[in-house]
Amino acid sequence: MPTSQPDVSGPSEDRVTPDDLLHTRTGTDVSPEDLVLATGRDITPHNLEWARRKLETEGPAALEKLLP
């Protein structure tokens, strides 16, 4: 019985993602909604309040911590 061969078109070391494509910041402000969605949660009043508090204490870096 034949076995499947691994896909040879997978990622290779010579195709590294450029550093500027790896960052989540787009140069725009981070909203509480952005932060909630980045966690995979639903946008609810409770989650929005959590995100507002997190943004107040950590600033836009809060999103970077979730999506490096």
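In the block above lies the structure referred to throughout.
Q: How should I be thinking about the pattern of salt bridges in this particular structure?
A: Side-chain pairing between opposite charges can occur once the charged atoms of the two side chains come close. Taken as a whole and judged by the stated rule, the model has four salt bridges. Taking the shortest distance from any N to any O, the salt bridge between Glu49 and Arg53 comes out at 3.9 Å. Taken together, the residues span about one helical turn, with Glu49 and Arg53 both in helix H2 (residues 45–58) at a distance of four residues. By relative accessible area, which is 36% here, Glu49 ends up partly exposed. Using a relative accessible area of 43% as the deciding quantity, one classes Arg53 as partly exposed. We note a salt bridge from Glu58 to Lys65, for which the minimum N-O separation is 3.4 Å.

Q: What am I meant to see in the environment of Pro60 here?
A: The topology assignment puts Pro60 in the loop between H2 and helix H3 (61–66). We classify Pro60 as partly exposed; its relative accessible area is 37%.

Q: Quick question: what am I supposed to make of the nonpolar core here?
A: Counting residues in hydrophobic clusters, the biggest one holds eight residues: Val30, Leu35, Val36, Leu48, Ala51, Leu55, Ala62 and Leu63. Those elements that place two or more of their residues in this core are helix H1 (32–38), H2 and H3. Among the elements that line this core, the one with the most residues is H2, at three residues. In contact with Val36, not counting residues within four places along its chain, are Arg41, Asp42, Ile43, Asn47, Leu48 and Ala51.

Q: I'm lost on the side chain of Asn47 in this one. Help?
A: Locating Asn47 in the fold gives a position in helix H2. Among the polar contacts made by the side chain of Asn47, one reaches the main-chain carbonyl oxygen of Asp42 at a distance of 2.7 Å. Apart from residues lying up to four places away in sequence, Asn47 is in contact with Val36, Arg41 and Asp42.

Q: Please explain the environment of Thr39 as it appears in this structure.
A: Among the structural elements, Thr39 can be located in the loop between H1 and H2. Using a relative accessible area of 27% as the deciding quantity, one classes Thr39 as partly exposed. For the pair Thr39 and Leu63, spaced 24 residues apart in sequence, the C-alpha separation works out to 9.1 Å. When sequence neighbours within four positions are dropped, the list of residues in contact with Thr39 reads Trp50 and Leu66. At a separation of 2.6 Å, a polar atom in the side chain of Thr39 contacts the main-chain carbonyl oxygen of Val36.

Rules used in this analysis
- Residues numbered from 1 in each chain as written.
- Predicted model: local features only at pLDDT ≥ 70, side-chain atom pairs only at ≥ 80, totals over all residues.
- Heavy atoms only, no water.
- Salt bridge = Lys/Arg side-chain N within 4 Å of Asp/Glu carboxyl O.
- Helix = DSSP H or I, 4+ residues; strand = E, 2+ residues; numbered from the N terminus.
- Buried < 20%, exposed > 50% of the residue type's maximum accessible area, 1.4 Å probe, protein only.
- Core = buried A, V, L, I, M, F, W, Y, C linked by side-chain atoms within 4.5 Å.
- Contact = heavy atoms within 4.5 Å.
- Polar contact = N/O pair within 3.5 Å; in protein donor to acceptor, adjacent residues only side chain to side chain.

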